Amino acid sequence: MREKLERLMRLQALDLELSEIRRTLSSVTSELQELETQIGESQTELEGLELEDKEASATRRELEQTLAEGETQIRLKRMRLTSVRNERELQALEHEVEALKQSNQQLETELLARIEGAEQRARRVSELKTLIEQKQSQLQAAQKSSADRVEELKTALAKRHAEREQLLAQIEPHLRQRYELILERRGGLALVAARAAACLGCRMRLPPQLYNEIQRGKSIKFCPNCQRILYFEG
Ligand SMILES: [Zn+2]
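Thresholds, definitions, all that
Residues numbered from 1 in each chain as written. Predicted model: local features only at pLDDT ≥ 70, side-chain atom pairs only at ≥ 80, totals over all residues. Heavy atoms only, no water. Helix = DSSP H or I, 4+ residues; strand = E, 2+ residues; numbered from the N terminus. Rg over C-alpha atoms; globule rule 2.2 N^0.38 Å. Buried < 20%, exposed > 50% of the residue type's maximum accessible area, 1.4 Å probe, protein only. Axes fitted to C-alpha atoms, helices over the stretch in contact; angles between N-to-C directions. Left-handed = near helix turned anticlockwise from the far one by under 90°. Contact = heavy atoms within 4.5 Å. Donors = N, O, S within 2.8 Å, 3.2 Å for Na, K, Ca; no water. Tetrahedral: all angles 85-135°; square planar, octahedral: opposite > 155°, others 65-115°. Domains from an automatic or database assignment. Buried area = accessible area lost by both parts, 1.4 Å probe. Salt bridge = Lys/Arg side-chain N within 4 Å of Asp/Glu carboxyl O.

## Looking at the overall build of the protein
From N to C terminus, the protein includes 4 helices and 4 strands. Along the protein, helices and strands appear, N-terminal first, in the series α-α-α-β-β-α-β-β. Expected size for 234 residues packed as a compact globule is a radius of gyration near 17 Å; at 39 Å, the protein overshoots this value by more than 25%. Viewed in the frame of its principal axes, the protein has a C-alpha envelope of about 125 × 40 × 30 Å.

Rendered as structure tokens:
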């Protein structure tokens, strides 16, 4: 019986070590993941801006062309103005020139806004490129410096896993199943001490008869409240 409990205690100690190693491993890898995420986000933004820029410069070329055509029209009409003698025709021509000038002004305003937009985009693109480069070299450095640590932790994990398997093979199946179930449901703690008539897992006071039986240690006992396996600690 004593031996049975000691195996369970070794198993519980191993499981606590295992979860500690897993926690350390995940904190080491989460730094790398965080950097990878940041790089990915910047790259997505960069691609979006580059696409936007492509579309915007096509629109810009169209605007420039329309503007140039407008200017040609104005020049042609102004030349005609010098040869027109008829007053009504003259006025009509002047109106047309005025209308063309106004529409060209609008086009210019729009073009300027687009040039400004392109400048803003270019600034952000160069910011993003620098940022991505920085983060990538940060990532490489972090990968290099944590590679040994990750390897070490993985080895420790594998070693304890093997020990755990060996130990489990020596524990009767129904007790093993119960242990695993409680371990999973009770935050990685399936075996706890009973001290001063209380379960140290959930702090509940144990019925006197149960506590006596735990002290005698003739069979495996469970906490009536948290279901953890109990052992006596005087
Ligand atoms: Zn309990």
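## A word on the environment of E98
Along the chain, E98 falls in helix α2 (residues 87-169). A relative accessible area of 40% places E98 in the partly exposed class. Between the C-alpha atom of E98 and that of I74, which follows or precedes it by 24 residues, the distance is 8.7 Å.

## Observations regarding the packing of helix α1 (residues 2-83) against helix α3 (residues 173-185)
One can describe the packing of α1 onto α3 by two numbers: an axis separation of 12 Å at closest approach and a directional angle of 35°. In this structure, α1 crosses over α3, and the sense of that crossing is right-handed. For the pair α1 and α3, the contacting residues are K4, L8, L11, Q12 and D15 in the first and L175, Y179 and L183 in the second.

## Details of the coordination of the zinc ion
Bound to the zinc ion are the protein donor atoms C199 (SG), C202 (SG), C223 (SG) and C226 (SG), situated 2.2 to 2.3 Å from the metal. With 4 donor atoms in place around the zinc ion and angles of 105 to 114° between them, the coordination shape is tetrahedral. Ordering the donors of the zinc ion by residue number gives the pattern C-x2-C-x20-C-x2-C. Placement of C199 in strand β2 (residues 198-199) and of C226 in the loop between β3 (221-222) and β4 (229-232) is noted, with a sequence separation of 27 residues between them. Taking relative accessible area as the criterion, C226 reaches 4% and is therefore assigned buried.

## Quick look at the domain arrangement of the protein
If you check the domain split of the protein, you get domain 1 (26-171) and domain 2 (172-234). Computed over C-alpha atoms, the centres of domain 1 and domain 2 are 62 Å apart. Every contact between the two is made by 5 residues of domain 1 and, on the other side, 7 residues of domain 2. Sorting the residues of domain 1 by area buried against domain 2 places R164, L168 and I171 first, and these three jointly supply 96% of that buried surface. Remark: the boundary between domain 1 and domain 2 carries 1 salt bridge. Residues R164 and E180 are paired through a salt bridge, measuring 2.9 Å at the closest nitrogen-oxygen approach.

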